[in-house]
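This is what each chain is made of:
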Amino acid sequence: MSTPIFLIGPMASGKSAVGALLAGLLGTTLIDTDARVIAAHGSIPEIFAAHGEAGFRRFESEVMAAAVPTQAQREARATAPAVVATGGGSVLAEANRELLAHGFCVYLLTDEADVAQRIGADTTRPLLGSNPLEAWARIFAMRSDLYERTATVIIDTRGKRPGQIAGAILAAYRDAGH
Ligand SMILES: Nc1ncnc2c1ncn2[C@@H]1O[C@H](COP(=O)(O)OP(=O)(O)O)[C@@H](O)[C@H]1O
Ligand SMILES: O=C(O)C1=C[C@@H](OP(=O)(O)O)[C@@H](O)[C@H](O)C1
Ligand SMILES: [Mg+2]
């Protein structure tokens, strides 16, 4: 049986990039919930424009529910666990947090200084608006406790390269007996 690995954390903390590397280490492919929402419904700015944040959250929750392997699927999957990169707001909904509790949930801890370069000219994340760093810090302050409470483990990513972070997650997963 293989316990799925979920990556949570704020926007630009590296969930998608690290998730792809981690999936590679485990010999599987990444499930990126944002990518699935985009494939089904169009770009995230378009979804926010047409359906608001509430519409995006509905699509996100549907994709989360479909991405989490059932008990039977986990039992059948003896080797590579599912690796799921969530969107930064996935932890907001209670139903999503219940899904996350079924896996090894890794919080990618980062800070304003580390993400500044990555979100400077961002146009793909509508919540960041016209002052991305200020918005990022405000949203992070509101969600920080939720990330901590939802996590199985916290990985401090600050100053680390994506490959190092993927290796640290795999080590923590193995240390936990998976
Ligand atoms: N630890 C890191 N060091 C340097 N660049 C990173 C790191 N993690 C992510 N990035 C880069 O930052 C950007 C945002 O990362 P991404 O994986 O999309 O974050 P998330 O999915 O958490 O929003 C990408 O261009 C990615 O390659
Ligand atoms: O934090 C958030 O509310 C969001 C994070 C984004 O994903 P990333 O965390 O991968 O950037 C994406 O789901 C959407 O723009 C909303
Ligand atoms: Mg992402």
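Residues numbered from 1 in each chain as written. Chains lettered and ligands numbered in written order. Predicted model: local features only at pLDDT ≥ 70, side-chain atom pairs only at ≥ 80, totals over all residues. Heavy atoms only, no water.

## Looking at the UniProt feature "binding site: ATP" (unreviewed entry) in the protein
Phase 1 of the analysis: UniProt's entry tags Ala12, Ser13, Gly14, Lys15, Ser16, Ala17 and Arg125 with the feature "binding site: ATP" (unreviewed entry), counted in the numbering of this structure.
Phase 2 of the analysis: Assignment of secondary structure puts Ser13 in the loop between β1 (5-8) and α1 (15-26).
Phase 3 of the analysis: Apart from residues lying up to four places away in sequence, Ser13 is in contact with Leu108, Thr110, Arg118 and Thr157.
Phase 4 of the analysis: Looking at Ser13, its side chain comes within polar contact range of the main-chain oxygen of Pro10, at 2.7 Å.
Phase 5 of the analysis: Along the chain, Arg125 falls in the loop between α6 (112-119) and α7 (132-150).
Phase 6 of the analysis: With relative accessibility at 29%, the residue Arg125 sits in the partly exposed group.
Phase 7 of the analysis: Residues in contact with Arg125, not counting those within four places in the same chain, are Met11, Ala12 and Ile119. (UniProt positions renumbered as here; feature names shortened; annotations may be inferred. Helix = DSSP H or I, 4+ residues; strand = E, 2+ residues; numbered from the N terminus. Contact = heavy atoms within 4.5 Å. Polar contact = N/O pair within 3.5 Å; in protein donor to acceptor, adjacent residues only side chain to side chain. Buried < 20%, exposed > 50% of the residue type's maximum accessible area, 1.4 Å probe, protein only.)

## Observations concerning the site of ligand 2
Phase 1 of the analysis: Contacts to ligand 2 come from 13 residues, most closely from Lys15, Asp34, Arg57, Arg125 and Arg143.
Phase 2 of the analysis: In this structure, an oxygen atom belonging to ligand 2 sits 3.2 Å away from a main-chain N or O atom of Gly89.
Phase 3 of the analysis: One of the side-chain N or O atoms of Arg143 is found 2.7 Å from an oxygen atom in ligand 2.
Phase 4 of the analysis: Burial of ligand 2 by the protein chains amounts to 96% of its free accessible area of 390 Å².
Phase 5 of the analysis: Sorting elements by how many residues they give to the shell around ligand 2 places helix α3 (residues 44-67) first, with 3 residues.
Phase 6 of the analysis: A class-by-class count of the residues in the shell around ligand 2 yields 5 nonpolar, 3 polar and 5 charged. (Near = heavy atom within 4 Å. Areas by Shrake-Rupley, 256 points an atom, 1.4 Å probe, with all protein chains shown as cover. Nonpolar A, V, L, I, M, F, W, Y, C, P; charged D, E, K, R; others polar.)

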